[in-house]
Every structure is written in structure tokens, then in C-alpha cells.
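For reference, the chains in residue letters:
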Amino acid sequence: DRREGGGGGGLWGGRAARDVVGGGGWSGGGSPDGSRMAFGGVVVAEGSTALYVARSDGTAFNRIVSTDVGAGSAQWSPDGGWIAFSSRWRSQPQVWIVHPDGTGLKRLTDGKDGSTSVAPVWSPDGTRLLFERMDAGSVTLWTMKVDGSSQVRLTPTPLGTDYVGSYDWFSASH
């Protein structure tokens, strides 16, 4: 059962709120209409992260991705139909997507070359994701279609030796 906190008690009133803490560098975000939030939280008893969705008022707190996959850096698609997130699946962070109800879970990057990929950001039209990839100690920005295809490196030189954090899409006309 994906439900953690049920429909009552609010985010801080039920067992799930007591047993889940934020932190560890993982972030979350609000849905486009502002009615819900998605975030990665550490499940204390399991010592791992999971992805949660709750109403903005803290009610209807539900785990949508288990600790088997883990989760963080959650961001809603512009149409609210998907959540992109980073996961430390098998100790190797990668980019995934999932519907807000927990269905349609799909890993988009695989790290077969030893790379890790994190912090996906949706394009304004919802057709692409921007993300950071670390390979051999160098971090670069990449983009891909939301099905994981057409992965393209955007930065010709490394941005650094560790993940850089904040970045976003912008219009070339600005």
C-alpha cells in the first residue's frame, strides 16, 4: 500500500510524518496548480529515501516511490502529469519519472558508463528534462526527451567536480 498518512491528521499529525524526515540535500516542489507538493524524505526506520506527495495543507500524505528506488530533487511537469526526480537506486543516482499517483515509474538514465545523473528540471513545454551528469569526477549539463531518449551534452567543458545545484531553462530571446 502506497498510502502513508491517509487522508487525515495532516502532514505533521500522523505516523508517517513522525517517521519521515527531510534533509540530506534532497529537495521537492509544488504542483503547477499549487494544490500538492512532492518531496523526497528519509524513512527513519529503513534508513533510505522515498518519494512522497501530499496536499499543500499537509493532508493526504502518500508514499508514491518506495525506499527500494529512493528519491529526491522532485519536480512536477508543467502540466502536473509527471514528477521527475533523482534516485540513489543501487547507490548510483539516476533520473526517473513517475505519475503523482505512483504509477508509470520509469528510470530515464542508466549509468551503464559509470556516470550518475541528478536534479532534473522540466522544460517549459514539458517535452525535455535538463539534468546534471557526473562522469569521472567531472559534472556537465545534459538534456533529454522525457522518455529518456536523445540525451545531449550541453556544456562543452565540465562545470566542476561536484554537482553545481541550481539551474533552469530560459528563453534565448531574453
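Residues numbered from 1 in each chain as written. Predicted model: local features only at pLDDT ≥ 70, side-chain atom pairs only at ≥ 80, totals over all residues. Heavy atoms only, no water.

1. Some thoughts on the overall build of the protein
For step 1, the next point in the chain: In terms of helices and strands, the protein carries one helix and 14 strands.
For step 2, the next point in the chain: Each of the 174 residues in the protein was classed as buried or not, and the buried ones make up 45%.
For step 3, the next point in the chain: Taking the contacts inside the protein whose residues are at least 6 apart along the sequence as the reference set, 37% of them involve residues at least 24 apart.
For step 4, the next point in the chain: As presented, the protein carries roughly 8700 Å² of accessible surface, and 51% of it is formed by carbon and sulfur atoms. (Helix = DSSP H or I, 4+ residues; strand = E, 2+ residues; numbered from the N terminus. Buried < 20%, exposed > 50% of the residue type's maximum accessible area, 1.4 Å probe, protein only. Contact = heavy atoms within 4.5 Å. Areas by Shrake-Rupley, 256 points an atom, 1.4 Å probe, with all protein chains shown as cover.)

2. Looking at unusual backbone geometry
What is expected of a backbone is that most residues other than glycine have negative phi and most peptide bonds are trans.
For step 1, the next point in the chain: Residue Ala60 is not a glycine yet carries a positive backbone phi of 55 degrees.
For step 2, the next point in the chain: Residue placement: Ala60 occurs in the loop between β5 (48–55) and β6 (61–65).
For step 3, the next point in the chain: The backbone phi angle of Ala136 is positive, close to 50 degrees, even though this residue is not glycine.
For step 4, the next point in the chain: Residue placement: Ala136 occurs in the loop between β12 (128–135) and β13 (138–145).

3. Quick look at the sheet that holds strand β9 (residues 94–98)
For step 1, the next point in the chain: The strand order across the open sheet built from four strands is β7-β8-β9-β10, with neighbouring strands paired in antiparallel fashion. Since the sheet does not close on itself, it has two edges, and those belong to β7 (72–76) and β10 (106–107), each with one partner.
For step 2, the next point in the chain: Of the pairings in the sheet, the one linking β7 to strand β8 (residues 83–87) comprises three bridges and is antiparallel in character. Its bridge partner being in β8, Gln75 is matched across the sheet by Ala84. (Pairing = 2+ DSSP bridges.)

4. Describing the nonpolar core
For step 1, the next point in the chain: Residues Leu51, Ile64, Val65, Ile83, Phe85 and Val98 are the most contacted members of the largest nonpolar core, which totals 13 residues.
For step 2, the next point in the chain: Ala84, Leu108, Trp142 and Met144 belong to the second-largest nonpolar core, a separate cluster that totals nine residues. (Core = buried A, V, L, I, M, F, W, Y, C linked by side-chain atoms within 4.5 Å.)

5. Focus: the sheet that holds strand β14 (residues 152–153)
For step 1, the next point in the chain: Spatial strand order, β11-β12-β13-β14: four strands in an open sheet with antiparallel pairing. The open sheet has two free edges, formed respectively by β11 (116–122) and β14, since each of these has just one partner strand.
For step 2, the next point in the chain: As paired strands, β13 and β14 are joined by two bridges and run antiparallel to one another. If you follow Trp142 over to β14, its bridge partner there is Arg153.

6. A look at the packing of aromatic side chains
For step 1, the next point in the chain: This model, assessed by the stated rule, comprises four aromatic pairs.
For step 2, the next point in the chain: On the basis of an interplanar angle of 15 degrees and a centroid distance of 4.9 Å, the ring pair of Tyr52 and Phe61 is categorised as stacked. Across the pair, Phe61 and Tyr52 agree in class, each one buried.
For step 3, the next point in the chain: A cation sits over an aromatic face here: Arg133 above Trp142, 4.2 Å from the ring centre. (Phe/Tyr/Trp six-rings, centres within 6.5 Å; stacked < 30°, edge-to-face > 60°. Lys NZ or Arg CZ within 6 Å of the ring centre and 35° of its normal.)

7. Focus on the pairing of β9
For step 1, the next point in the chain: When you tally the buried positions in β9, you get five out of five residues, the bulk of the element.
For step 2, the next point in the chain: Here five bridges tie β8 to β9, and the two strands are oriented antiparallel to one another. Paired with Ser87 across the strands is Gln94, a residue of β9.
For step 3, the next point in the chain: With two bridges connecting them, β9 and β10 associate as antiparallel partners. Bridge pairing in β10 places Ile97 opposite Lys106.

8. Section: the environment of Ser73
For step 1, the next point in the chain: Of note, Ser73 is situated in strand β7.
For step 2, the next point in the chain: As for Ser73 and Phe85, which are separated by twelve residues in sequence, their C-alpha atoms are 5.2 Å apart.

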